[in-house]
Amino acid sequence: MKIKEIVKKFEEKIKDIDFKELREYKRDKGIKIFAHFPVYAPHEIFHSFDILLLGLNGAGNEIEILHADARFGSFICSIVKSTMELGLSKRLDFIDGFFFTGICDAARNLCFVYKRNFPNKEVIFLHFPQNPETEHAINFLETEYRRLIKILEDVTGKKFSEDKLRESIKIYNENRKLQRKLYEIRKNNPDKLSTYELYTLIRAGNYIPVEEHNKVLKDAIDFIPEREAIKRDRIKVLIEGSFCEQPPFELLKLLDDVGCHILDDDFVIGRRLIIDEVKPDNNPVRALAEAYIKKTRYLSVKHSGKKFKSSYFIENVKKLNPEAVIFMYAKFCEPGLFDYVLFKKELEKEGIPYLFLEFEEKMWNFDRIQLEIETFFESLIFV
Amino acid sequence: MDKKKKYQGRMHGLQRELMERWYRKLHEIYEQDRKEAVYIMISGNPVELIRAFDMEPVYPEINALQLAIRKQALPALLKAEEMGYSTDNCNYVKADVGMFFMNSPTSLGTRIPRPALILCNFVGCNTYIKWFEHLAEYTGAPLYMLDIPFMRYEKPTDDDVNYVVNQLKEIVKILEDITGRKFDIDKLREIVKKARIMEELWAKVKNLAKAKPAPFDAYFDSTTMMGPLYVYRGTDEGIKFFEEAIREFEEKIEKGIGTVPEEKFRVVVEGPPPYPYFRVMRDLLARWGAVAVQSTYSTVGGIWEFGFRHDENDPLRAIALHMIEANLPNRNYLQRYEQIKRYVKEWDADALIIHGVKSCRLFSCGQGDMREFFIQDLGIPTLYIESDLEDPRYFSAAQMQNRIDAFFEALEHKKALSKS
């Protein structure tokens, strides 16, 4: 019962595109709030300045796109448009600054369109290196992080503290560890934690202080053993492709309803992109830079170096040994749709079945997609 | 006059000759299986460094656009879609990949050699990364991801420049290994110097379009000149080509000859051309006496008309600076607004045409905001039209004509009113 309550509470928070609670929180605490566009942001640096970093995830099907369509043309993904709409409709007017990286051409342009349309906000763009093979990439990212630190010093009037950053890194290490733990639980025991619940628990972290999120995750982990298992037949699958724009909640629920036993997925991946502990010994800024370059999971918007991304992908598939892979890409997501071709090639070599699905934030009819998944599963069982 | 050649002058003939020579050279490398081809991208390309090792650049974009302009792209696109590439993916990539898997010759019937090195000059266009990741997987050739920091401020920082120079040094080592030759900085200096001379000439060409009437169309004819600009930068042939182009254009200026019988509208064009309907689009504008006097597309490989030049005294730094700050794709969207704003003012244009391209989000994502800026903030008449740079399925001639006609009718009316 307890987890259901937690999930219910955060479900409302996630769906509230007016961010009522966050606005109140800001007013009560007198803190600065920044917002970041997916996929990844160095949360620890913001945290060390006591800035709350809101993770933007578009606006689902909660928003009416009135102005943003005219700014971006026809062939652009939903999240770029809904993020613009959130800004133009003044729903983000309480945000002090925005943080973008060059994950794709569309997101990068959005950053600068934001800059023009919201001249009074701090709009920060960081260049994340795409050459992990060169030792200079870590040096470069460290200088980018130091530039971010300088901006945040100016914005907050506070002096940067290495010790505070070390502390922040520890808290986020804990956060990532707890997220991984929950993922393990769902992998091993899908009857006790549904994908929709896991998703809500993870995504909740985008809206609340990390300390509170850690507590939520810990509570959830503690409550799970005493939960009653809902037993049902399931097909073991791996989900790939929703690393940036998020599928509609209805679609996530549908994955549970049709009997997916999801071994791994990349929903809101930015929050757990770093797969290893960050060790903030001497130079915590460099440690964070190094973690992004060297200690991350493969990602469609990050070049993987000499070893092909498709090799990392298929290794992950083989390790988890699903019965099938479901690709779930946002419509018009160029990086994802490109990777799909190379990933599916690897699955075909191994004889592993897969299904390709596309979604948009504004989807409202899920019958067709449900039928597609069910037909696919039937073909796995009976053919 | 031969109707097909109505827009063509000496420059076009020379361009064809140079491009065919390059294709033949590539074919020779292919036939003799020499390890001399380096695949690079057009945008902010470091071709000088490749030439310093006597390697030949292969630009997959040129292969793709040649297919499109000769109306041969569709089978390659369909092949790629059959392999799983989305209809929404960049059609340049799809045409190139499709062509590779169909093992088809170039539009001239020649062959493209396999890459000795795939050098991804990542200058802003994230699709470049994907394109070359795919080519590396398909060909098995070594890939170097040359990561160029994006222009997030007015000027590059020292950290930006050092980061790129350090990577260029790594590439030098790789090229030394591939060729078995030692890097000769004096040779690079000589090539960079020739590039600088050519850039001077190209900047002059662009400035000649300030004449009224403009002696060439700075969208369509500039696109033609972009071939030699990238394939022959740093060579004597390249210098000669632009000297000849200047001669031709200066003659035309002297005689008051433009590219249409009567130049009525001077426009700036933003966005890549609709290659499958290159000529159709040109005709649609020419009917109105509309001539492009500047274009952003002609600056994807480099922006030289505002003064940037390669400096042979510090060649690696010059290459780095060019890649970071002096090409359109690596500059941010608002810097593009400023570039267009200068074009409209300094080239005395009447209007801006934005060609939104389905395939290319680097160009088109945000063009609605751009239109808003130019119309609302600057009061510059702006036309937005949409098609694709490679895929013939996204072009509707009737719709395009409607929009273009309506725009110029209104513009003509406005002009007449302001005169009276």
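The structure under discussion appears in the preceding block.
Residues numbered from 1 in each chain as written. Chains lettered and ligands numbered in written order. Predicted model: local features only at pLDDT ≥ 70, side-chain atom pairs only at ≥ 80, totals over all residues.

Enquirer: Would you mind going over the overall build of chain A in detail, with residue names and values included?
Expert: Assigned secondary structure in chain A consists of 15 helices and eight strands. Taken along the three principal axes of its C-alpha coordinates, chain A extends 65 × 50 × 45 Å. The 383 residues of chain A split such that 50% are buried. Within chain A, counting contacts between residues at least 6 apart in sequence, those at least 24 apart form 76% of the total. (Helix = DSSP H or I, 4+ residues; strand = E, 2+ residues; numbered from the N terminus. Buried ≥ 20, exposed ≤ 12 C-beta atoms within 10 Å, placed from the backbone. Contact = placed C-beta atoms within 7 Å.)

Enquirer: Outline the interface of chain B and chain A, listing residues and values.
Expert: Each partner contributes to the interface: chain B provides 43 residues, whereas chain A provides 41 residues. When residues of the side of chain B that touches chain A are traced back to their parent elements, those giving at least two are helix 6 (126–139), strand 4 (143–147), helix 7 (158–179), helix 13 (333–346), helix 14 (361–364) and helix 15 (367–377) of chain B. Tallying contributions element by element places helix 6 of chain B first for the side of chain B that touches chain A, with seven residues. Grouping the constituent residues of the side of chain B that touches chain A by class yields 16 nonpolar, 14 polar and 13 charged. (Nonpolar A, V, L, I, M, F, W, Y, C, P; charged D, E, K, R; others polar.)

Enquirer: Break down the sheet that holds strand 1 (residues 37–39) of chain B for me, citing the residues and quoting the values.
Expert: Residues and elements named next belong to chain B. Pairing within the open sheet is parallel, and its four strands lie in the order 2-1-3-4. Single-partner strands in this sheet number two, and they are strand 2 (56–58) and strand 4. Ignoring which end each strand starts from, the neighbouring axes of this sheet average 30° apart. Pairing geometry for strand 1 and strand 3 (residues 117–122), over two bridges, is parallel. Bridge pairing in strand 3 places valine 38 opposite leucine 117. Across the face of the sheet, helix 6 comes into contact with strand 1, strand 3 and strand 4 while running at roughly 170° to strand 3. (Pairing = 2+ DSSP bridges. Axes fitted to C-alpha atoms, helices over the stretch in contact; angles between N-to-C directions.)

Enquirer: Can you break down the nonpolar core residue by residue, with the values?
Expert: Counting 250 residues, the largest nonpolar core has Phe34 and Val80 of chain A together with Val38, Leu119, Cys120, Val267 and Val268 of chain B as the members making the most contacts within it. Top element by residues in this core is helix 8 (residues 185–208) of chain B. It accounts for nine residues. (Core = buried A, V, L, I, M, F, W, Y, C linked by C-beta atoms within 7 Å.)

Enquirer: Could you give an account of the sheet that holds strand 6 (residues 290–295) of chain B, naming the residues involved and the relevant values?
Expert: Residues and elements named next belong to chain B. Pairing within the open sheet is parallel, and its four strands lie in the order 6-5-7-8. Whereas interior strands pair on both sides, the edge strands pair on one side only; in this sheet they are strand 6 and strand 8 (382–387). Across this sheet, the average inter-strand angle for adjacent strands is 30°, counted without regard to direction. Here strand 7 (residues 351–357) runs beside strand 8; their pairing, made up of six bridges, is parallel. Looking at the pairing, isoleucine 354 lines up with tyrosine 384 of strand 8. Each of strand 5 (265–270), strand 6 and strand 7 touches helix 13; the most contacted strand, strand 5, lies at about 165° to it.

Enquirer: Tell me what's going on with helix 10 (residues 236–255) of chain B, and back it up with residues and numbers.
Expert: Residues and elements named next belong to chain B. For helix 10, with 20 residues, the first-to-last C-alpha span of 29 Å sits near the 28 Å given by 1.5 Å per residue. Along helix 10, the residues classified as buried are Gly238, Phe241, Phe242, Ala245 and Phe249. Taken around the axis of helix 10, the buried residues stretch over an arc of 90°, which confines them to a single face. Structural note: helix 10 exposes Asp236, Arg247, Glu254 and Lys255 on the side pointing more than 90 degrees away from its buried face. Here the buried face of helix 10 lies against helix 1 (10–31), helix 8 and helix 9 (220–231). Looking one or two places after helix 10, you find glycine 256, whose phi comes out positive at around 70°. (Expected span 1.5 Å × (residues − 1). Arc of directions from axis to C-beta.)

Enquirer: So what's going on with the pairing of strand 5 (residues 235–240) of chain A? Which residues, and what values?
Expert: The side chains of a regular strand alternate between both faces of the sheet. All names here are of chain A. As judged from the four bridges shared by strand 5 and strand 6 (residues 260–264), these two strands associate in the parallel manner. In the strand pairing of strand 6, leucine 238 is matched with aspartate 264. Taken together, strand 5, helix 11 (residues 249–257) and strand 6 form a β-α-β motif whose crossover is right-handed. (Right-handed = clockwise from strand over helix to strand, strands pointing away.)

Enquirer: Please give an account of unusual backbone geometry that cites residues and values.
Expert: Across the junction of proline 38 of chain A and valine 39 of chain A, the peptide omega takes the value 15°, indicating a cis bond. With respect to the secondary-structure elements, valine 39 of chain A resides in the loop between strand 1 (33–36) and helix 3 (43–48). In the segment running from lysine 212 of chain B into proline 213 of chain B, the intervening peptide bond is cis, with an omega of -5°. Of note in the backbone geometry, aspartate 50 of chain A takes a positive phi value of approximately 60° without being a glycine. Among the structural elements, aspartate 50 of chain A can be located in the loop between helix 3 and strand 2 (52–55).

Enquirer: Can you break down the environment of methionine 323 of chain B residue by residue, with the values?
Expert: Looking at the element boundaries, methionine 323 of chain B is found in helix 12 (residues 315–325). Setting aside residues no more than four positions away along its own chain, methionine 323 of chain B makes contact with Gly44, Pro46, Asn121, Val123, Ile148, Val164 and Asn330 of chain B.

Enquirer: Hey, could you go over the environment of isoleucine 95 of chain A for me, with residue numbers and the actual values?
Expert: Residue and element names in this part refer to chain A. Within the secondary structure layout, isoleucine 95 lies in the loop between helix 5 (78–88) and strand 3 (97–101). A sequence separation of 61 residues divides isoleucine 95 from phenylalanine 34, and the C-alpha atoms of the two residues are 5.6 Å apart. Setting aside residues up to four positions removed in sequence, isoleucine 95 forms contacts with Ile33, Phe34, Ala35, Leu54 and Lys121.

Enquirer: Lay out the pairing of strand 4 of chain B with the relevant residues and their values.
Expert: Residues and elements named next belong to chain B. For strand 4, a buried count of five out of five residues is recorded, marking the element as mostly surrounded by other parts of the structure. Sheet topology places strand 3 next to strand 4; five bridges connect them, and they run parallel. The partner of phenylalanine 122 across the bridge, within strand 4, is aspartate 147. Between the parallel elements strand 3 and strand 4, the chain passes through helix 6 in a crossover that is right-handed.

Enquirer: Lay out the packing of helix 5 of chain A against helix 6 (residues 105–117) of chain A in plain terms, naming residues and giving numbers.
Expert: A pair of packed helices is captured by two measures, namely the crossing angle of their axes and the spacing between those axes. Residue and element names in this part refer to chain A. Put simply, helix 5 and helix 6 touch, their axes get as near as 10 Å, and they point 15° apart. Between helix 5 and helix 6, the crossing angle belongs to the class labelled roughly parallel. Remark: the crossing between helix 5 and helix 6 carries right-handed chirality. Of the residues in helix 6, those in contact with Val80, Thr83, Met84, Gly87 and Leu88 of helix 5 are Ala106, Ala107, Leu110, Val113, Tyr114 and Asn117. Per-class residue counts for the contact of helix 5 with helix 6 are eight nonpolar, three polar and no charged. (Parallel < 35°, antiparallel > 145°, perpendicular 65-115°, else oblique. Left-handed = near helix turned anticlockwise from the far one by under 90°.)

It is worth stressing that arrangement in space is one thing and function is another; only the former is reported here.
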